[in-house]
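For reference, the chains in residue letters:
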Amino acid sequence: MLDLDSLQERFGNEITESSFRDNRRIVVPSDKVYFVLEQLWREWGFDMLVEMTAADYLEYPGATDRFGVMYVLLNTTTGERVIIKTHLNLPDPELPSVFPLWHSADWLEREIFDMFGIKFEGHPDLRRILMPEEFTAFPLRKDYPLKGRGERHNFPVITRAES
Amino acid sequence: MAVGLPENLFLTKLDAAASWARSNSLWPMPFATACCGIELMATAASRHDMARFGAEVMRFSPRQCDLLIVAGRVVMKMLPVLQRIWLQMPEPKWCISMGACACTGGVFDTYAVVQGVDRFIPVDMYVPGCPPRPEQLLAALIEMQEKIMRTGTLTGREFAGRTKSNGPPPFDLDEVRRSQEAVGVPGLDIYTPPEIQLGNAGKLN
Ligand code: SF4
């Protein structure tokens, strides 16, 4: 069972823990998150990255940072799960890629990049994964209008006479 | 003037003969991108049996088809594919837009979903419903056959006049209004609201 004290001992006291039902969440500052994750991978046996996602906390009551990035880890031997969370801000949200630790991060990081514009330093192939290549905005950011900025209508029209 | 015709012969116009042949052997191209596609399959399956109307030969190559059935929502990434498939179909060809999503975008009024394929490709027949029942699709097919019989010509002259898209222009008033609804909440320190630039598109003329 991962204990918070040993993490705090190693990485400082900014690391905090909270829980909701049976979810353990450990909040780590963004400059340390890679080292914490590496430690979890190397020494605590978290060998699977189940899910990795982000949230935009714009207009969220009490939020102090713009983005949160969550890593859901699983130790497949003991069945232990833990959620590592970190916060990022504009103008250049950037994190080190965890692709070297878990290859499942490949598409997950591409998706976060596509939807939130968070860059992952060291990712082997950071391209858009859902939206078309030529799309310029990051649609899951809360300041992007739900209905888009007209991109969905930016296509040539084929009429019956010319086709 | 009396013309002596032997039995088993009748006279017709070439246009009518061509339309009769075409309308009774429509080969659909099933462009099924979402849930409407399931209903399209049901229409072709034994219970509703589209073969009764001569349209059972679903071909997955646009080169062999003459009726495009757009069944489901089309997103930004799919639209160029749809247009390409339409262009690949040989003349004469027709298009049925099936379901609320293909006709108008349906409930998916979001940044990625095209709000009606008729904005970008020509559509002959709209089938409302979410999803339309197989009977509705069959009704549209029969209607389509009637339309071909009524307007069809051997050389496809009837298409020449259709030089505008069927759908609304990309930035009609409604669309502008919808994008203006989406202004964010000002006065938050971690946030600056984006400038929405409409350019000339928002102009009333
Ligand atoms: S119209 Fe309804 S059934 Fe058809 S694709 Fe849209 S949501 Fe699905």
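Further up the page is the structure itself.
What comes next is a walk through the structure. (Residues numbered from 1 in each chain as written. Chains lettered and ligands numbered in written order. Predicted model: local features only at pLDDT ≥ 70, side-chain atom pairs only at ≥ 80, totals over all residues. Heavy atoms only, no water.)

1. Quick notes on the overall build of chain B
And step 1. Summing up its helical and strand segments, chain B has six helices and four strands in all.
And step 2. Ordering the α and β elements of chain B from the N terminus gives α-β-α-β-α-β-α-β-α-α.
And step 3. The contacts in chain B between residues at least 6 apart in sequence include a share of 75% that link residues at least 24 apart.
And step 4. Working note: accessible area of chain B is about 11300 Å², and carbon and sulfur atoms make up 59% of it. (Helix = DSSP H or I, 4+ residues; strand = E, 2+ residues; numbered from the N terminus. Contact = heavy atoms within 4.5 Å. Areas by Shrake-Rupley, 256 points an atom, 1.4 Å probe, with all protein chains shown as cover.)

2. Things to note about the interface of chain A and chain B
And step 1. Between chain A and chain B, the contact holds 34 residues from the first and 39 residues from the second.
And step 2. Taken over both partners, the interface formed by chain A and chain B buries close to 3200 Å², and the fraction arising from carbon and sulfur atoms is 65%.
And step 3. Sorting the residues of chain A by area buried against chain B places Arg152, His153 and Arg160 of chain A first, and these three jointly supply 27% of that buried surface.
And step 4. Linking chain A to chain B there are three salt bridges.
And step 5. Across the pair Asp109 of chain B and Lys147 of chain A runs a salt bridge, and its minimum N-O distance is 3.7 Å.
And step 6. Here chain A is connected to chain B by eleven residue pairs in polar contact (both at pLDDT 80 or more).
And step 7. Here the side of chain A that touches chain B is built from residues that sort into 19 nonpolar, six polar and nine charged. (Buried area = accessible area lost by both parts, 1.4 Å probe. Salt bridge = Lys/Arg side-chain N within 4 Å of Asp/Glu carboxyl O. Polar contact = N/O pair within 3.5 Å; in protein donor to acceptor, adjacent residues only side chain to side chain. Nonpolar A, V, L, I, M, F, W, Y, C, P; charged D, E, K, R; others polar.)

3. A closer look at the sheet that holds strand β3 (residues 94-98) of chain B
All names here are of chain B.
And step 1. Spatially, the four strands line up as an open sheet ordered β1-β2-β3-β4, and their pairing is parallel. Two strands bound the open sheet, and with one partner strand each, they are β1 (28-32) and β4 (125-127). Strand-to-strand twist in this sheet, taken as the mean axis angle between neighbours without regard to direction, amounts to 15°.
And step 2. Relative to strand β2 (residues 67-71), β1 runs parallel, the two sharing five bridges. In the strand pairing of β2, Phe31 is matched with Val70.
And step 3. This element, helix α3 (residues 79-88), spans β1, β2 and β3 of the sheet and lies at about 165° to β2.
And step 4. Along the sheet, helix α5 (residues 134-151) contacts β2, β3 and β4; its crossing angle with β4, the most-contacted strand, is approximately 170°. (Pairing = 2+ DSSP bridges. Axes fitted to C-alpha atoms, helices over the stretch in contact; angles between N-to-C directions.)

4. Description of a nonpolar patch on the surface
And step 1. Side chains of Leu5, Leu9 and Leu11 of chain B sit close together on the surface and give an oily, nonpolar patch of about 330 Å² of accessible area.
And step 2. Structurally, Leu11 of chain B can be placed in the segment before α1 (14-23). (Patch = residues over 30% accessible without salt bridge, like charges linked within 9 Å, V, L, I, M, F, W, Y side chains within 5 Å.)

5. Notes on the pattern of salt bridges
And step 1. In the structure shown here, the tally under the stated rule is 16 salt bridges over all chains.
And step 2. Salt-bridge contacts for Lys147 of chain B lead to Asp124 of chain B; the nearest nitrogen and oxygen are separated by 3.3 Å. Residue Lys147 of chain B is located in helix α5, and its partner Asp124 of chain B is located in the loop between α4 (99-104) and β4; the two are separated by 23 residues in the primary sequence.
And step 3. Classification of Asp124 of chain B by relative accessible area gives buried; the value is 9%.
And step 4. Between Arg162 of chain B and Asp124 of chain B there is a salt bridge, with its nearest N and O atoms 2.9 Å apart. Within this pair, whereas Arg162 of chain B is found in the loop between α5 and α6 (173-180), its partner Asp124 of chain B is found in the loop between α4 and β4, the two being separated by 38 residues in sequence.
And step 5. Connected through salt bridges with shared partners, the residues Glu17, Arg24 and Glu80 of chain A form a single ionic network. (Buried < 20%, exposed > 50% of the residue type's maximum accessible area, 1.4 Å probe, protein only.)

Keep in mind these numbers describe shape, not what the thing actually does.
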